[in-house]
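Residue strings, one per chain:
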Amino acid sequence: MPPERLLELDNVHVHFPLREGLVKAVNGVSYHVNKGEVLGIVGESGSGKSITARAIMRLLPKRAVAPEGSIRFRPRSGEQYELSALDRNSRAIRQVRGQHIGMIFQEPMTALSPVHTIGTQIMRTVQLHKGLSRAAARERAIDLLAKVQMPRPAQMVDAFPHQLSGGMRQRAMIALAISCDPSLLIADEPTTALDVTTEAQILELLKQLQSELGMAIIFITHNFGVVADIADRVSVMYLGRMVETATVDDIFYAPKHPYTQALLRSIPRLGVDQGRRLPTIPGMVPDPFSVPSGCAFNPRCAHMVPGLCDVTVPPEKMFGLQMSRCHIAEQFAAVQEPAHV
Amino acid sequence: MSDIPATSAATLPDDVLVSVRGLKKYFPIHAGWLKRHVGNVKAIDDVSLDIRTGETLGLVGESGSGKSTVARLMLRAYELSEGQILFRRASGKVVDISALSDREMRPLRAEMQMIFQDPYSSLNPRMTLLELVGEPMVIHGNSNRGEISDRVAELLKVVGLRPEFLNRYPHAFSGGQRQRIGIARALALNPSFIAADEAVSALDVSVAAQNINLLQDLQEQFGLTYLFITHDLGMVEHIADRVGVMYLGRMMEVAPTEQLFSNPLHPYTEALMAAVPQPDPRGNRTRKRVPLKGEIANAANPPSGCSFHPRCPYAQPRCSAEVPALREVAGGRQVRCHFAEELSLVGAVA
C-alpha cells in the first residue's frame, strides 16, 4: 500500500445464500481511504453501502459469505492488518475494533447499552484497550464527553442513554467511538434520525474532531446535502457496485455516471426552481434476486445503449482521479456545468 | 385567547377549506403515588391557521414542535383541549368539528384523510390490498363486494400500481409502493382534505421524487387540499404554496413559500434554513453557517416569554419577559416575533 493509505478494499464481495437464491449484496467493491480524509459513500437502500462497512469491521451476519476480495488496513501504529482474513471473533479483529476503527450508527438508542451508564460504556472501552485504571478511565470518559460538547460532562457521565435526547445520545456514541484515538471512524448514517439543527451541530462536531485528531472518516449516507458538507471524496453505490468515485466537487459539478446525474436531479433543492415536477429515475431499484445483466442500472438509464449496456458489465474507467463505471462515460467528460442548472 | 380574532362561529372566508382557531392541546402530567395532576405539557399552544381550498400548506419544525399533533387534532384523532376547527364540507356547509361527537364526526371522516410516514407500520400485514384499500368503503356502509373491488382496482391504477395486485399482502411491496397503497386508501372515499405526515421522509431519494410527483398529480386531478408535514425544507419549498413554521407548540411564522425562503421574518426560520446542508459543496464552503445552539426546550417547562429566546441570536430582554403574539405584518404575512420589522434576516434563496 502507498504510504498515505489507511485502508484499501480490493474487489470485495459479500454474498448471502438464501433459500430464494444468492444475493450479491456487495459485488466487487474496491475503494481506498487515505489518512485523515473523509470519504462519503452514498446510495439508496439496498446498494450495499452498510454491508461494505460491516465487512471492514468483520461484523457481517453469520450467514454471509465473502468469496473474494481483500481488505487491508494500516493504522497509525504502523502494523498492517489483512482484515479480510480475520475471523469475526479473532483476537486481532477485537483489537482493531474500538481501538483503531471506531464506528457510529444511525440509531444510538439501539447501539448503546440501555442498562449501563454512558460513562461505564466508555470506561470499559478505554480500560480494555488502553489499560487505564478505573479512576483514570473515568477521567478520560469525562474528558471525552467534554470534547464532544456534552453539557455538564461530569454529571452526564453517570446518565443512562434513555435520559438523553437524540442529539446527546449521538454525542455520547461519538465519544465512545473516538475514545481510543482511532485512525478511522466509520459513520453509518449518523445524522439521519436527527433534526436539521441537531444534524448541523453533529456535522460541525465531526469536522472539528476530524481535524483535531487527524482521523479519517468513512461517512455513509443517502443525503447528498450532508455528503456535500463533510466529504473530501465521494463514492456512489448502486446494487452492490461502486458506480462512481470522485472528489466531492467532481461528483456534484461534473458527474460522469448517469445514475449520479439522475440522483442529483431528483433532489428538491432550496432556492432552485426545478419546475412543477421533479425529474425522477424511472422504475425502482430491482430486487436483489434479479439484478439486470450487464450494467445493473441499464433498465432505468436514459443513455442506455442496447446490445452493450444490457450485455457487458462496464469496466471502471478512470478520468484523472474520477472513476466511472459506465460504458459511455467519455460522453459526459465535457460536462463542466453543475448538473442541476 | 386567540391571537387572531375568531369571526362568528361557523363562517369561513370563501377560499378557505379548513381553519383552526386558538387550537390548544395540553397533555396532563401526573406525579406522585396519588397521580395528582401537577402540570401540563403544552403540546399545542394557541395555533391558528387557515388552509385554502386547493392549496398545499407545508408545516415545518423540529421534532417536538407539534406539527404532527396539529394534523391529528385537525382530523380529531386527538381530543383538543381548546379551540375551534372549522371545515367546509363538500356540500358547502361549514361545520365546527371541534365539538362533534364520534358518531357525528364519522361522515366527515370520509372528507378528511391522512397519509402516514411509516409505510411499514401503517398497513396491517394480514390484510390484502383489497381489504386495506376497501376497508374505508366498508366502514362507510358500502357492502357491495363487486363495487368495492372495482373501485380498489381503479384506485390502485390511479396511484400507479397494477390492479392485479389486489389480492397481495403489503409485504410483497417496497417502501415506495407501500406508501402508494396508503395514498390509495386515503383516496378511497373521495376526500377533499388530506394531511400527509412526513409522507416521503422514509423513502429513498429517487422514490421520494416519484411519490411527490404522484401527490401533485392527484392534487390536480381531484382538486385536493394538502396539509404537508415534513422536516425536509427542500421538499416543502418544492411542493407547498404556503408554509407554517412551528416551534414548541406555537406557530412562529406563516408565509407564502417564495417569500418565506427569500425573506424569512422569524429568527427560527432563518436558523432552520441555515442548518440544511445543501447538495452544493462550493456553496457550503462559502455560506455562513452558524449552527443553532442547544436543543428544543421541554414542552412541560417552556421558557418564559418567546419560547425560542434561549436559542435566538437576536434575543433582547423583552423576549424573555413578554410572549410575542402571532401578528400580521406587511404583505399579509404572519410572524410571532417582537422584532420582525427591525431584523434583516437571510433566507435560503438569494
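Refer to the structure printed above.
As the structure is a computational prediction, the values presented were derived from the model and not from experiment.

### Quick notes on the interface of chain A and chain B
In this assembly, 37 residues from chain A lie in contact with 39 residues from chain B. Only α8 (196–213), α9 (224–230), α10 (248–253) and α11 (258–266) of chain A provide two or more residues apiece to the side of chain A that touches chain B. Element by element, the count of residues in the side of chain A that touches chain B is highest for α8 of chain A, at eight residues. The class makeup of the residues in the side of chain A that touches chain B is 16 nonpolar, 12 polar and nine charged.

### Quick notes on the sheet that holds strand β1 (residues 5–18) of chain A
All names here are of chain A. Across the sheet, four strands lie side by side as β2-β1-β4-β5; this open sheet has antiparallel pairing. Since the sheet does not close on itself, it has two edges, and those belong to β2 (21–34) and β5 (81–82), each with one partner. The pairing of strand β4 (residues 70–73) with β5 spans two bridges and is classified as antiparallel. The residue bridging Phe 73 from the neighbouring strand is Tyr 81, located in β5. Strand contacts of helix α1 (residues 49–57): β1, β2 and β4, with the helix running at about 70° to β2, the strand carrying the most contacts.

### Focus: the sheet that holds strand β1 (residues 16–31) of chain B
Residues and elements named next belong to chain B. If you trace the four strands from one edge of the open sheet to the other, you get β2-β1-β4-β5, paired in antiparallel fashion. At either margin of the open sheet sits one strand with a lone partner, and together these are β2 (36–52) and β5 (94–96). The sheet shows a mean angle of 20° between the axes of neighbouring strands, direction not considered. Along the sheet face, helix α1 (residues 67–74) touches β1, β2 and β4 (82–88) and points at about 115° away from the line of β1.

### Topic: the pairing of β2 of chain B
Residue and element names in this part refer to chain B. In this structure, β1 lies alongside β2, joined through 13 bridges in antiparallel fashion. Across the sheet, His 30 pairs through a bridge with His 37, a residue of β2. The hairpin formed by β1 and β2 contains four residues between the paired strands, and Gly 32 there has a positive phi angle of roughly 80°.

### Side note on the packing of helix α5 (residues 175–187) of chain B against helix α6 (residues 205–222) of chain B
A packed helix pair is summarised by two numbers, namely the angle formed by the two axes and the spacing between the axes. Residues and elements named next belong to chain B. Contact geometry of α5 with α6 gives a least axis separation of 10 Å together with a crossing angle of 15°. Classified by the angle their axes make, α5 and α6 are roughly parallel. Between α5 and α6 lies a crossing of right-handed hand. Residue-level contacts link Gly 175, Gly 176, Gln 179, Arg 180, Ile 183 and Leu 187 of α5 to Val 207, Gln 210, Asn 211, Leu 214 and Leu 218 of α6. Classifying every residue of the contact of α5 with α6 gives five nonpolar, five polar and one charged.

### Here's the deal with the packing of helix α3 (residues 129–139) of chain B against helix α4 (residues 145–158) of chain B
Residues and elements named next belong to chain B. At a closest axis distance of 9 Å, the pairing of α3 and α4 adopts a crossing angle of 115°. The orientation of α3 with respect to α4, classified from their angle, is roughly perpendicular. Where α3 crosses over α4, the handedness of that crossing is right-handed. Along the contact surface, α3 presents Leu 129, Leu 130, Val 133, Gly 134, Met 137 and Val 138, while α4 presents Ile 148, Ser 149, Arg 151, Val 152, Leu 155 and Leu 156. Partitioning the contact of α3 with α4 into residue classes produces nine nonpolar, two polar and one charged.

Quick notes on the rules
- Residues numbered from 1 in each chain as written.
- Chains lettered and ligands numbered in written order.
- Predicted model: local features only at pLDDT ≥ 70, side-chain atom pairs only at ≥ 80, totals over all residues.
- Contact = placed C-beta atoms within 7 Å.
- Helix = DSSP H or I, 4+ residues; strand = E, 2+ residues; numbered from the N terminus.
- Nonpolar A, V, L, I, M, F, W, Y, C, P; charged D, E, K, R; others polar.
- Pairing = 2+ DSSP bridges.
- Axes fitted to C-alpha atoms, helices over the stretch in contact; angles between N-to-C directions.
- Parallel < 35°, antiparallel > 145°, perpendicular 65-115°, else oblique.
- Left-handed = near helix turned anticlockwise from the far one by under 90°.

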